[in-house]
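Remarks on the overall topology
Chain by chain, the residues run as shown.
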Amino acid sequence: MINKEYRLNKIYESIERNKFILPNIQRGFRWYDEKKITNLFDSLMQGYPVGMLLLWELDEQKSSGIDFYEFTKSYDKSQKNDLISKKIEKVNELYAVLDGQQRITSIYFALQSSYSFNGKNLYLNISKTNNDTEEDEVSEDLPKYIFKFFTEKEVEKYYKEADVEKSDDIKNDIIKCNDDYYIRVGLILDKDLNFKIENSLEVFDIEKRKKLKETIAKLHYMLTRTEIPYYEIDKNKTLDEVLQIFVRVNSGGVKLEKADLLFSALIANNNDINKETISKLLKEIDISNIDKDVIIRVFLTIFCAKGVTYNYNNFNSILPSIKEHFEKVKDVIITSAEFLKISCFYNNEKQLSVYPLIVVSYIIYKLSLKKGSFDNRVFKDIVDILTKPQKQEHCLKKSLVDFVIKSLFLGLYSGSSDSTLRQVREAINEMLEKNNDYKTFSIDYEILNQKLTRKSMIINYEQLENYLDKINYGDNNKIYYIFTLLMPNYKPESYRYNIDHIYPKSWFEKTNDKELEKKGNSIYNLVPLAENLNKSKNDRMPNDWFDDFSDKIQARNDFIIPEDIELNVENFDNFLKKRKAMILENLLGKLVKA
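Along each chain, the written sequence defines residue order, and numbers are assigned to residues from 1. Only residues with pLDDT of at least 70 are given local features in this predicted model, and only at 80 or more are side-chain atom pairs given and counted; all residues enter the totals for whole chains, interfaces and linings. Only hydrogens and water are set aside when side-chain values are computed; all heavy atoms of the structure are taken into account.

Examining the overall build of the chain
Put simply, the rule reads: Only runs of H or I of at least four residues qualify as helices and only runs of E of at least two qualify as strands under DSSP, and these elements are numbered from the N terminus. To sort residues, take the accessible area from a 1.4 Å probe on protein chains only and compare it with the maximum for the residue type: under 20% means buried, over 50% means exposed, and anything in between is partly exposed. Method for areas: the Shrake-Rupley scheme with a 1.4 Å probe, in which residue coverage is limited to the protein chains shown.
Along the chain, the regular secondary structure elements total 25 helices and 15 strands. Expressed as a percentage of its 594 residues, the buried residues of the chain come to 53%. When the accessible surface of the chain is split by element, carbon and sulfur atoms take 44% of a total near 28600 Å².

The following block contains the structure:
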């Protein structure tokens, strides 16, 4: 590899002219946070090192097993997952960026004049730095130079407020915000910069003009003289050698990079599967922590007989199966995600374990097989069972909801998740040997517990009590799981629910009794209520609220409320004691049964 350097303005030009391009093993742009970009430019202004680039000089023949794309030329925060760019067909004498994409994409956005970063342009405060403030007022976390993004609307407003010589040549390039002057960073690359600056700053006195020009000169030097070191991989390297280098360089990175590398092997020689296909699938799943990594694990679990370990050799061994069955598995994954969102509280706000999606996908796929082939009619029936509210009493749906909730509740996948996943798959295979009919299939906990070596789907009374005692108001996921198991009439797929206090929060909070407040916020005084029921309850005491029910005994049973106690203030401690016993007894029966 050859060690060289690239100036920042030349990096910008190389992206603009598509001399720098991206291989499809690279993940998409991820520096969504403006602070990352402004901190990068502050580091550059102060002469700090900002890392190296890794470039691969391309040869049409040697790089034929991989696709290449233009750099993302604009970013909008409404876009999800990878930002799709135009594919590059002819790559001779071009350079693929294998490391440094986030930094140089950010540099490109900052030097644009078209509000390409989320509808904003980057400006530098040329009136002052944070170091100009009194020393005891400066936070150590603040950068020295004040870079800031402004929207087009803000720029037009602040340009009008700027006391500079107005002209079309420099319109919106120098603005005034809160008495400070800012210059658009990309203006520095304008060949007529000096002329434009001189004319615009003539209105200021000599001292102020000198200070403003000094900051502008420093910015100009940074953009045209700062050199970013890079390593260049020789174009005679084979694709396998280049991929090995990429893995080594990115081995300290996130798993998504590894997922992109694995997917590149799938995408490279398959016209029906590309980055757009994967991005669209993730968008349809629409669960924030389900990413490419999870999709790969689904394929490994379904097709890799050797094991579910996440590595290149395992993935490579199942490439033919993935190519052949990709569309079917894709539909299975989407169905699993829909089921989890409808019945198990998965959404973009809750960061729940991804493993239930893998296991449910495996079960759906296997149940859809008839004589070794995927049966579309059977799969359609399974989709209806798992995603239609009217099918909530179906054996398969009840069993999978029960299994997912229990596995999350008991932390089945914490720790050695690959090992656990392998054992769960072995257990499911044994269950399917006994019964592979989707109409009657259910999870056999006896088989499951026999296969699990370090985990258990069984919990004893003391463990359960210790677990429940720590659950309080605000632990919504755990509360939802528990009452899903306990309340047969609890239907999250049909109604919107709120977690509410049986003895109202307003009552114990006004006492200023911390011990009483702690008891009132415990799970033993909480219940999920349909939104309309919660509004009608409001902050009434339970004895008053229960007068609304015609069948009070049934209402108490539905909400797991002791029948033999008056729900008044005097009985609050007794109510908690009895309800705790009811919850523990009922929940233990649900969790222990095999």
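Next comes the rest of the account.
So, the packing of helix 2 (residues 34-45) against helix 6 (residues 206-225)
How two helices sit against one another is set out by the angle between their axes and by the gap between those axes. Filter applied, for reference: Geometry is summarised by axes, namely lines fitted to C-alpha atoms with helices restricted to the contacting stretch, and by angles between N-to-C directions that run from 0 to 180 degrees. Roughly parallel means an angle under 35 degrees; roughly antiparallel, over 145; roughly perpendicular, 65 to 115; everything else is oblique. Any two residues whose heavy atoms approach within 4.5 Å are treated as being in contact. Each residue gets one label: Ala, Val, Leu, Ile, Met, Phe, Trp, Tyr, Cys and Pro are nonpolar, Asp, Glu, Lys and Arg are charged, and the others, such as Gly, are polar.
In the contact formed by helix 2 and helix 6, the axes pass within 9 Å of each other and the chain directions differ by 95 degrees. When the axis of helix 2 is compared with that of helix 6, the two are roughly perpendicular. On the side of helix 2, the interface is formed by Phe 41, Leu 44 and Met 45, while helix 6 contributes Thr 215, Lys 218, Leu 219, Met 222 and Leu 223. Among the residues making up the contact of helix 2 with helix 6, the classes are represented as 6 nonpolar, 1 polar and 1 charged.

Regarding helix 9 (residues 275-285)
Considered for burial, the residues of helix 9 that qualify are Lys 275, Thr 277, Ile 278, Ser 279, Leu 281, Leu 282 and Ile 285. Positive phi shows up at Asp 286, right after helix 9, with a value of about 55 degrees.

A closer look at the environment of Pro 542
Looking at where Pro 542 falls in the secondary structure, it is placed in helix 23 (residues 542-545). Once the C-alpha coordinates of Pro 542 and Tyr 503 are considered, the two residues, 39 residues apart in sequence, prove to be 6.0 Å apart.

Notes on the packing of aromatic side chains
For clarity, the cut-off: Here the aromatic set is Phe, Tyr and Trp, taking the six-membered ring for Trp, and pairing holds for ring centres within 6.5 Å; pairs whose planes are under 30 degrees apart are stacked, those over 60 apart are edge-to-face, and all others are tilted. Put simply, a charge is over a ring when the Lys NZ or the Arg CZ is close to the ring centre, within 6 Å, and near the line of the ring normal, within 35 degrees.
Per the stated rule, a full pass over the model turns up 35 aromatic pairs. An aromatic cluster is present here, built from Tyr 12, Phe 29, Tyr 32, Tyr 75, Tyr 108, Phe 109, Phe 117 and Phe 149 joined pairwise through their rings. Lys 537 extends its terminal NZ or CZ atom over the ring of Trp 545, reaching a point 5.7 Å from the ring centre. Residue placement shows Arg 556 over the ring face of Phe 546; its charged tip is 5.8 Å from the ring centre.

Some thoughts on unusual backbone geometry
Residues other than glycine seldom take positive phi values, yet Asp 179 does so here, at roughly 70 degrees. Note on placement: Asp 179 falls in the loop between strand 9 (174-177) and strand 10 (180-184). Notably, Asn 512 is not glycine yet its phi reads approximately 60 degrees, a positive angle. As for its position among the elements, Asn 512 is in the loop between helix 20 (505-509) and helix 21 (514-520).

Some thoughts on the pattern of salt bridges
Formally: Each salt bridge in this description consists of a side-chain nitrogen of Lys or Arg and a carboxyl oxygen of Asp or Glu lying within 4 Å of one another.
Across all of its chains, the model carries 25 salt bridges by this definition. With a shortest N-O distance of 3.8 Å, Lys 380 and Asp 384 are connected by a salt bridge. Pair noted here: Lys 380 and Asp 384 are both in helix 14 (residues 376-387), with a separation of 4 residues, about one helical turn. Residue Lys 380 is classed as exposed on the basis of its relative accessible area of 52%. Here Lys 580 ties to Asp 469 by a salt bridge, and the two come within 3.2 Å at their closest N and O atoms. Taken as a pair, Lys 580 in helix 25 (residues 572-592) and Asp 469 in helix 18 (residues 461-469) lie far apart in primary sequence, 111 residues in all. When salt bridges that share partners are traced, they join Asp 293, Arg 297 and Asp 418 into one network.

A short note on the nonpolar core
Applied cut-off: Buried residues of nine kinds, namely Ala, Val, Leu, Ile, Met, Phe, Trp, Tyr and Cys, make up a nonpolar core once their side-chain atoms join them within 4.5 Å.
In this structure, Phe 403, Leu 448 and Leu 468 are the most contacted members of the largest nonpolar core, which totals 120 residues. The contacts of Leu 468, once residues within four sequence positions are left out, are Ile 482, Ile 523, Tyr 524, Ile 583, Leu 584 and Leu 587. Membership of the second largest hydrophobic core comes to 54 residues, among which are Met 45, Ile 107, Phe 149 and Leu 193.

Here we look at the pairing of strand 2 (residues 20-23)
In plain terms, the rule: Any two strands with at least two DSSP-identified bridges between them are counted as paired.
Sheet analysis places strand 2 next to strand 6 (residues 95-99), joined by 2 bridges and oriented parallel. For Ile 21, the partnering residue across the bridge sits in strand 6 and is Ala 96. Here 2 bridges tie strand 2 to strand 4 (residues 68-69), and the two strands are oriented antiparallel to one another. Following the sheet pairing, Pro 23 is matched in strand 4 by Phe 68.

Considerations on helix 4 (residues 152-161)
Spelled out, the test is: The arc in question is formed by the directions pointing from the helix axis toward the C-beta atoms.
Among all positions in helix 4, only Val 155, Tyr 158 and Tyr 159 are buried. Within helix 4, the buried residues cover an arc of 110 degrees as seen down the axis, which keeps them to one side. Helix 4 presents Lys 153 and Lys 160 as exposed residues on the side facing more than 90 degrees away from its buried surface. In this structure, the buried residues of helix 4 make contact with strand 7 (120-125), strand 8 (147-151) and strand 9.

A closer look at the pairing of strand 15 (residues 526-530)
Burial analysis of strand 15 places 5 of its 5 residues in the buried class, which makes it a mostly covered element. Residues Leu 526, Pro 528 and Ala 530 point to one face of strand 15 and Val 527 and Leu 529 to the other, with burial holding for every one of them. Of the pairings in the sheet, the one linking strand 14 (residues 497-501) to strand 15 comprises 5 bridges and is antiparallel in character. Its bridge partner lying in strand 15, Ile 499 is registered against Pro 528.

Remarks on the sheet that holds strand 8
With respect to topology, 4 strands assemble into an open sheet ordered 8-7-10-9, the strand pairing being antiparallel. What marks the edges here is a single partner per strand, and that holds for strand 8 and strand 9. Each adjacent strand pair in this sheet contributes to an overall mean axis angle of 40 degrees, direction not counted. Here strand 9 runs beside strand 10; their pairing, made up of 4 bridges, is antiparallel. Residue Ile 174 lies in a different strand from strand 10, and its bridge partner there is Ile 183. Across the sheet, helix 2 lies against strand 7 and strand 8, angled at about 135 degrees from strand 8, the strand it touches most.

Some thoughts on the environment of Arg 17
On the secondary structure map, Arg 17 appears in the loop between helix 1 (8-16) and strand 2. Along the sequence, Arg 17 and Glu 70 sit 53 residues apart, while their C-alpha atoms lie 9.5 Å from each other.

Concerning the environment of Ser 288
On the secondary structure map, Ser 288 appears in the loop between helix 9 and helix 10 (292-303). In sequence terms Ser 288 and Tyr 346 are 58 residues apart; their C-alpha atoms lie 9.4 Å from each other.

As for the packing of helix 2 against helix 3 (residues 101-111)
The N-to-C vectors of helix 2 and helix 3 enclose an angle of 90 degrees; their axes lie 10 Å apart at closest approach. Taken together, the axes of helix 2 and helix 3 are roughly perpendicular relative to one another. Residue-level contacts link Ile 37, Leu 40 and Phe 41 of helix 2 to Arg 103, Ser 106, Ile 107 and Ala 110 of helix 3. A class-by-class count of the residues in the contact of helix 2 with helix 3 yields 5 nonpolar, 1 polar and 1 charged.

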